[in-house]
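Structure at a glance
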Amino acid sequence: MTLRYLLPAMCLGLWSCGSDSGTKSEPVYPPTPSAFADGVASGNPDGQCKVPASAMAASVDNPDRVVGTGTRSSCTADAFRAAVAHGGKIVFDCGPDTMTIVLDKPAKVFNDSLPDIVIDGGGKVGLSGGGRTRILYMNTCDEAQHWTSTRCDNQATPRLTVQNLTFVDGNAEAEGEGGRGGGGAIFASGGTFKVVNCRFFRNVCAKQGADVGGGAIRAFQQYNQAPIHVVNSTFGSTGNGNVGSNGGAFSSIMVNWSVWNSLFVANQAVGNGGNPADKNTPGGGSGGAIYNDGNTLTLSVCGSKFTENKVNAFGAAIFFVSNNHQGTINLTDSRIAGNIGGSWHVLPGIAMHEDTKVNRVNSVLEN
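The structure presented is a predicted model; accordingly, all values stated were derived computationally and were not measured. (Residues numbered from 1 in each chain as written. Predicted model: local features only at pLDDT ≥ 70, side-chain atom pairs only at ≥ 80, totals over all residues. Heavy atoms only, no water.)

**Some details on the sheet that holds strand β18 (residues 268–269)**
- Ordered by their spatial adjacency, three strands build an open sheet running β14-β18-β22, and the pairing between neighbours is parallel. Only two strands of the sheet have a single partner each, and these edge strands are β14 (243–244) and β22 (310–311).
- Pairing between β14 and β18: two bridges, direction parallel. Bridge pairing in β18 places valine 243 opposite glutamine 268. (Pairing = 2+ DSSP bridges. Helix = DSSP H or I, 4+ residues; strand = E, 2+ residues; numbered from the N terminus.)

**Topic: the state of the cysteines**
- Applying the stated criterion to the full structure yields three disulfides.
- Put simply, cysteine 49 and cysteine 302 are joined by a disulfide, and their sulfur atoms are 1.9 Å apart. Given an S-S torsion of about -85 degrees, the disulfide between cysteine 49 and cysteine 302 has left-handed geometry. Here cysteine 302 lies in strand β20 (residues 298–302) and cysteine 49 lies in the segment before β1 (65–67), a separation of 253 residues in the sequence.
- Paired by a disulfide, cysteine 141 and cysteine 152 hold their sulfur atoms 2.1 Å apart. (Disulfide = S-S within 2.5 Å.)

**What to know about the nonpolar core**
- Membership of the largest hydrophobic core comes to 60 residues, with the highest contact counts inside it found for Ile119 and Val162.
- Residue contacts for valine 162: discarding those within four places in its chain leaves Ile119, Leu136, Phe167, Ile186, Phe193, Lys194, Val195, Val196 and Cys198.
- Listed in part, the seven residues of the second largest apolar core include Cys49, Val51, Val231 and Trp260. (Core = buried A, V, L, I, M, F, W, Y, C linked by side-chain atoms within 4.5 Å. Buried < 20%, exposed > 50% of the residue type's maximum accessible area, 1.4 Å probe, protein only. Contact = heavy atoms within 4.5 Å.)

**Describing the packing of aromatic side chains**
- Tallied over the full model, the rule gives 13 aromatic pairs.
- Where phenylalanine 235 meets phenylalanine 264, the ring centres are 5.1 Å apart and the plane angle is 0 degrees; that geometry is what we call stacked. Remark: phenylalanine 264 occurs in strand β17 (residues 263–265) and phenylalanine 235 occurs in strand β13 (residues 234–235); sequence separation between them is 29 residues. For the pair phenylalanine 235 and phenylalanine 264, one class covers both residues: buried.
- A ring pair is formed by phenylalanine 250 and phenylalanine 264, whose centres lie 5.9 Å apart and whose planes are at 70 degrees; its orientation type is edge-to-face. Residue phenylalanine 250 is located in strand β15 (residues 250–253), and its partner phenylalanine 264 is located in strand β17; the two are separated by 14 residues in the primary sequence.
- According to the relative accessible area criterion, phenylalanine 250 is buried, its value standing at 0%.
- Of the aromatic side chains, those joined through ring pairs into one cluster are Phe167, Phe200, Phe235, Phe250, Trp257, Phe264 and Phe306.
- Seen from the ring of tyrosine 137, lysine 108 lies directly overhead, with NZ or CZ sitting 5.4 Å from the centre. (Phe/Tyr/Trp six-rings, centres within 6.5 Å; stacked < 30°, edge-to-face > 60°. Lys NZ or Arg CZ within 6 Å of the ring centre and 35° of its normal.)

**Comments concerning helix α1 (residues 77–86)**
- What α1 keeps buried is the set Ala77, Phe80, Arg81, Ala83 and Val84. All buried residues of α1 project into a common sector of 160 degrees when viewed along the axis, lining one side. (Arc of directions from axis to C-beta.)

**Observations concerning the sheet that holds strand β4 (residues 107–108)**
- Strands sit in the order β4-β6-β8-β11-β15-β19-β23-β27-β26 across an open sheet of nine strands; the sheet is mixed. With partners counted over all chains shown, the strands left at the sheet margins are β4 and β26 (345–347), one partner each.
- In the sheet, strand β6 (residues 136–139) pairs with strand β8 (residues 186–189) via four bridges, with the strands oriented parallel. In the strand pairing of β8, leucine 136 is matched with isoleucine 186.

**Things to note about the pattern of salt bridges**
- What the rule picks out here adds up to seven salt bridges.
- A salt bridge links aspartate 116 to arginine 159; the nearest nitrogen and oxygen atoms lie 2.7 Å apart. Here arginine 159 lies in strand β7 (residues 159–168) and aspartate 116 lies in strand β5 (residues 116–128), a separation of 43 residues in the sequence.
- A relative accessible area of 37% places aspartate 116 in the partly exposed class.
- Overall, arginine 159 belongs to the partly exposed group, its relative accessible area being 31%.
- Residues joined by salt bridges that share partners form a network here, namely Asp78, Arg81 and Asp104. (Salt bridge = Lys/Arg side-chain N within 4 Å of Asp/Glu carboxyl O.)

**Brief notes about the pairing of β15**
- Burial of β15 is two-sided: the residues Phe250 and Ser252 facing one way and the residues Ser251 and Ile253 facing the other way are all buried.
- As paired elements, strand β11 (residues 217–220) and β15 share three bridges and run parallel to each other. Looking at the pairing, alanine 219 lines up with serine 252 of β15.

**Considerations on the environment of serine 245**
- Mapping serine 245 onto the fold places it in the loop between β14 and β15.
- Exposure remark for serine 245: the relative accessible area of 0% places this residue in the buried category.
- Taking the C-alpha atoms as reference points, serine 245 and glycine 274, 29 residues apart in sequence, are found 9.4 Å from one another.
- Among the polar contacts made by the side chain of serine 245, one reaches the main-chain carbonyl oxygen of glycine 209 at a distance of 2.8 Å. (Polar contact = N/O pair within 3.5 Å; in protein donor to acceptor, adjacent residues only side chain to side chain.)

**As for the side chain of arginine 134**
- In this structure, arginine 134 sits in the loop between β5 and β6.
- Although buried, arginine 134 forms no salt bridge, and the nearest oppositely charged side chain, glutamate 175, lies 4.2 Å from it.
- For arginine 134, the side chain forms a polar contact with the main-chain oxygen of glycine 183, separated by 2.9 Å.
- Ignoring any residue separated from it by four or fewer positions in sequence, one finds arginine 134 in contact with Lys105, Pro106, Asn171, Ala172, Glu175, Arg180, Gly181, Gly182, Gly183, Gly184, Ala185 and Phe187. (Lys, Arg positive; Asp, Glu negative; His and termini not counted.)

Encoded structure:
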């Protein structure tokens, strides 16, 4: 598979959103099978894996920024973008009910902001791209976000955590098929990144291209190859899946992932031709839920479930290619079953080289 790098130059059921008197009503989103309870996204209800301390939600005691002043109308997209640009611990005060903030352009992390950015929706806040924009962007190698290191491809900060949030209707299609074209909800390159108790529905990125992908999340260049932790989170539901050329839920190159107690349902990789693409096709269509490409990689999945994910090319649930044949997949207490389409399934639902090391413990794999 073709390997490319970025160059230095370069949570809820979806809720019905009312509004304060005199303000425009927000979109009404259809309900989904799982819902928030006590401010925590459901993830996989059958997932029982013990999550390490490093992957747990971050404290937001003594927040640095509060979005809103107690009313729905005060929780604006501008207020959210300003908080992200400042960095630090970010919480919301939008009143007692659930609230969706609809963006017309993404919130962007600046490399010289406070080094730890924790965005916590408290289980009541959704962030929407309105079907027209990506929601959140971090890229240490983007000069516009302020270069802070001669090694932007391997720097320790920013450290971004999103938790207790829902990301819905993000759209990165306008970013094209290049290095920044993936990640309908979130693009995260450089520093470190963690997702805890979040849900992602109907996010979309470029729908064709051999390497582009990540309907919900696209990631590159994590500091010292630290894994991205995805904990107790949901990607898609029947009729509300995330869509990209590759990796309907998330996609990456040269990134390790650790996935805990999470749910992947009805995500789609809709490209055609795989990677490298046939001369007669635009490429893509691999990894209904996860697209993981690079060299010495590790994908660890514990207490998670994959079903109804769909592809046109390879890996109905997971596409995992270690170009140097030194990658490892760890599957523990997980279930991959009922995923749709594709070929090159060395294991049911998983496309990979036959010599890929697989550590499988108490996990069910079925077509």
